[in-house]
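Residues per chain are reported as follows:
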Amino acid sequence: MHSWSFHQLGSFIACKARQAGIALIHVDPAYTSRQCSACGHTDRANRPEQAVFSCTSCGFAEHADVNAARNIAARGVAGWAVSHAA
Ligand SMILES: [Zn+2]
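To keep things clear, this report deals only with the structure shown in the data block. (Residues numbered from 1 in each chain as written. Predicted model: local features only at pLDDT ≥ 70, side-chain atom pairs only at ≥ 80, totals over all residues. Heavy atoms only, no water.)

**A few points about the overall build of the protein**
A tally of helices and strands in the protein yields two helices and two strands. Projecting the C-alpha coordinates of the protein onto the three principal axes gives extents of approximately 40 × 40 × 15 Å. Across the 86 residues of the protein, 14% fall into the buried class. Partitioning the contacts of the protein with sequence separation of at least 6, the portion at a separation of at least 24 is 33%. Of the roughly 6200 Å² of accessible surface on the protein, 59% is carried by carbon and sulfur atoms. (Helix = DSSP H or I, 4+ residues; strand = E, 2+ residues; numbered from the N terminus. Buried < 20%, exposed > 50% of the residue type's maximum accessible area, 1.4 Å probe, protein only. Contact = heavy atoms within 4.5 Å. Areas by Shrake-Rupley, 256 points an atom, 1.4 Å probe, with all protein chains shown as cover.)

**Observations regarding the coordination of the zinc ion**
In an ideal octahedron of six donors the angles at the metal are 90 or 180 degrees, and in an ideal tetrahedron of four donors they are 109.5 degrees. Surrounding the zinc ion are the protein donor atoms Cys-36 (SG), Cys-39 (SG), Cys-55 (SG) and Cys-58 (SG), which sit 2.3 to 2.4 Å from the metal. One can describe the site at the zinc ion as tetrahedral: its four donor atoms subtend angles covering 106 to 115° at the metal. Of note, the zinc ion draws all its donor residues from one chain, in the sequence arrangement C-x2-C-x15-C-x2-C. What makes Cys-36 buried here is its relative accessible area of 1%. Classification of Cys-39 as partly exposed rests on a relative accessible area of 40%. (Donors = N, O, S within 2.8 Å, 3.2 Å for Na, K, Ca; no water. Tetrahedral: all angles 85-135°; square planar, octahedral: opposite > 155°, others 65-115°.)

**Describing helix α2 (residues 64-83)**
Along its 20 residues, α2 runs 28 Å from first to last C-alpha, staying within 8% of the 28 Å computed at 1.5 Å per residue. In the core, the buried residues of α2 are packed alongside β1 (52-54) and β2 (61-63). (Expected span 1.5 Å × (residues − 1).)

**Some thoughts on the pattern of salt bridges**
Think of it this way: side chains of opposite charge can pair up when their charged atoms draw near. A full pass over the atoms with the stated rule returns one salt bridge. With a closest N to O distance of 3.2 Å, Glu-62 and Arg-70 form a salt bridge. (Salt bridge = Lys/Arg side-chain N within 4 Å of Asp/Glu carboxyl O.)

**Some remarks on the side chain of Asn-71**
With respect to the helices and strands, Asn-71 occurs in helix α2. Excluding anything up to four places from it in sequence, Asn-71 contacts Thr-32, Gln-35, Cys-36 and Ser-37.

**Considerations on unusual backbone geometry**
With phi around 65°, Tyr-31 is a residue other than glycine that occupies positive phi space. Since its relative accessible area comes to 53%, Tyr-31 is described here as exposed.

Such coordinate-based values are descriptive only and should not be taken to indicate function.
Structure follows, in structure tokens:
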């Protein structure tokens, strides 16, 4: 699996989601690892180490991957709301 390109992996996920009837929302991943999932503050300094997220504005601290996953999930919810509005 390590040799798959992200595009190919995305295509497989989209295909499997479609087959299973699961909605798939694409989100912009930019700065999800630097943005605080608690207050929204975005700064390179929020991530002092690979696995550490520590917000320089509000003090929120979390594993960096968990914080980034929360940001991606929030963007997915926002994208879902926009795509299903009205
Ligand atoms: Zn914060």
